[in-house]
Amino acid sequence: MADRPFGFGLPDKPEDPGGSGSGSGSGGAGDQGGGGFPGGPFPGGGGPMGPFGGMGDPQQFADALRQFADMLSYRGGPVNWDLAKNVARHAIVAAGDPSVLDAQRREVTEAIRLADLWLDEATTFPSGIHKIEAWSRSEWLEATFPVWAKLCDPIAAKGVEAMSGMFTADPAQLGENVPEEMRQALGALGGPGGLGAMMRQLGGAMIGSQTGTAVGELAREVIGSADVGLPLGPEGTAALLPAGVAEFGRGLSVDSGEVRLFLALREAAHQRLFAHVPWLRANLLGAVEQYASGISVDMARLQEAIPEVDITNPEALREALSGEGLFRPEDTPAQKAALTRLETALALVEGWVATVVSAAARDRLTHADALAEAIRRRRATGGPAERTFATLVGLELRPRRLREAAAIWQGLTEARGIDGRDALWAHPDLLPAADDLENPDQFVHGQPELDISDLENPENPGPENKG
């Protein structure tokens, strides 16, 4: 499954040898020998037939169409998010997803509660936690998938449009020798004229399968609800994944309890920031959506990658649709500004979290500096979350200026104290802009003390945006 983001098999029939009869459709493109259809690729003979490629026996193709009917009945939008979630769930289970034990839940609860108390001394923001949970990987999927679907929808929808455009064909190309069974199968999808619509749904299923596989792979390594600096989980819910915590600590030569406490500090710090900066959640998610909406599909590259589309080979489609340069940002001032806005916002969130966690952990955790460096390396080298987003929205969500942002927040703490530092979150116009990250010291010492009373007065529009 991990190497086949677009691969998906057909539901096993009860009479199939070894079939489970579950109808889950969770198999991969290679599960049946290739192509995602029962029995593997269609046998040769007959040559290409329009968009169906060398499909061989039309009767076999008619059978495949009937098995696809349930999958293509999705009516929730251009991307089949139901399939995406199912693929992710099967990927998680296949990789191993042990249930969280009661003892592990107690450890996570105690760690987050203690970490939240420590943060009282490091920030003016009060606790933002209303609920503490210890998630299995499947539970993480259930809690975060709605946000993943929303973030990935703009570029995924464009991918579906591109694929459906390539697959659209004149039904007359099917010829007069098409068996009645195939015509009936097409009729179930709206008649021969509905072939284009069927291909659109097929594209939505393939994009959904890719997304589900990527999110399923991400679940193997995530630690909590805010690994990428985005609020993916429910508001007010602090969560850690015991399996992810153990994986992060492997090889660090640090006691597992200390690792858990450090990661609990990061989780609790994110929750405080998202809870008490009311505009931040919408601002971050909106920045991702704005950037993703400016991604376009290079049709020339797609057509070059698949000169003769063969829907019996989802693996070839996967390789074409995940190729370098296929999804590219529009070269416009608005798109460049959207990228700058997003990168700056992520860096500021992660820099603030790193600063307050360092202050809370410095005198309490022996290996606080080593753990902080491990987090920085994880982010700098592109962890699982960054790779997933690069696949799904054409963007590496990597805070490239994390050290510069952390330097600004640390400098502000020393120059103005905790109150003065945290006061900058009162309004987005008060925060450091992208240019300020170039010279953190100038922003810290070159700005006058801030008076935010005008921003809090609804009759005054406030300062102009720096950007």
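As a reminder, the structure under discussion sits directly above these lines.
**Student:** So what's going on with the overall build of the protein chain? Residues and values would help.
**Tutor:** Regarding its fold elements, the protein chain presents 17 helices and four strands. Within the protein chain, the fraction of its 467 residues that count as buried is 51%. Long-range contacts, defined as pairs at least 24 residues apart, comprise 78% of the intrachain contacts of the protein chain with a sequence gap of at least 6. Counting every atom, the protein chain has about 20500 Å² of accessible surface; 49% of that belongs to carbon and sulfur.

**Student:** I'd like to hear about the layout of surface pockets, residue by residue, with values.
**Tutor:** In this model, the second largest pocket occupies a volume close to 300 Å³. Lining the second largest pocket are 18 residues, and of these Ala354, Thr355, Ser358, Ala372 and Arg376 lie nearest its centre. Listing elements by their share of the lining of the second largest pocket, those giving two or more residues are helix H8 (256-276), helix H12 (333-361), helix H13 (368-380) and helix H15 (402-422). Element by element, the count of residues in the lining of the second largest pocket is highest for H13, at six residues. When the residues that make up the lining of the second largest pocket are grouped by side-chain class, the tally is nine nonpolar, three polar and six charged.

**Student:** Which residues make up the nonpolar core, and what values do they have?
**Tutor:** Trp140, Leu263, Leu265, Leu280, Trp352 and Trp425 are the most contacted members of the largest nonpolar core, which totals 89 residues. For this core, the element with the highest residue contribution is H12, accounting for twelve residues. Sequence-distant contacts of Trp140, that is, excluding residues within four places in its chain, are made with Trp135, Trp148, Val215, Leu218, Ala219, Val222, Gly224 and Leu241.

**Student:** Describe empty space enclosed by the protein, with residues and values.
**Tutor:** On inspection of all chains with the given rule, the structure shows six cavities of 30 Å³ or more. Together, Ile223, Gly224, Ala226, Asp227, Leu240, Leu263, Arg266, Glu267, His270, Ile375, Arg378 and Arg379 line the largest cavity. Contributing elements (two or more residues each) for the lining of the largest cavity: H8 and H13. In terms of residue count, H8 provides more of the lining of the largest cavity than any other element does, four residues in total.

**Student:** An account of the packing of aromatic side chains is requested, with residue identities and associated values reported.
**Tutor:** Counting across every chain of the model gives five aromatic pairs. Ring geometry for Trp81 against Phe145: centres 6.2 Å apart, planes inclined by 75°, an arrangement best described as edge-to-face. Taken together, the residues span a long stretch of sequence, with Trp81 in helix H2 (residues 81-95) and Phe145 in helix H4 (residues 137-167) at a distance of 64 residues. Since its relative accessible area comes to 5%, Phe145 is described here as buried. By way of ring pairs, the aromatic residues Trp279, Trp409 and Trp425 are connected into one cluster.

Calculation rules
Residues numbered from 1 in each chain as written. Predicted model: local features only at pLDDT ≥ 70, side-chain atom pairs only at ≥ 80, totals over all residues. Heavy atoms only, no water. Helix = DSSP H or I, 4+ residues; strand = E, 2+ residues; numbered from the N terminus. Buried < 20%, exposed > 50% of the residue type's maximum accessible area, 1.4 Å probe, protein only. Contact = heavy atoms within 4.5 Å. Areas by Shrake-Rupley, 256 points an atom, 1.4 Å probe, with all protein chains shown as cover. 1 Å grid on protein atoms, 1.4 Å probe; cavity = no way out; pocket = protein on both sides within 12 Å on 5 of 7 lines; lining within 4 Å. Points joined across faces, edges and corners; volume = space filled by probe spheres on them. Nonpolar A, V, L, I, M, F, W, Y, C, P; charged D, E, K, R; others polar. Core = buried A, V, L, I, M, F, W, Y, C linked by side-chain atoms within 4.5 Å. Phe/Tyr/Trp six-rings, centres within 6.5 Å; stacked < 30°, edge-to-face > 60°.

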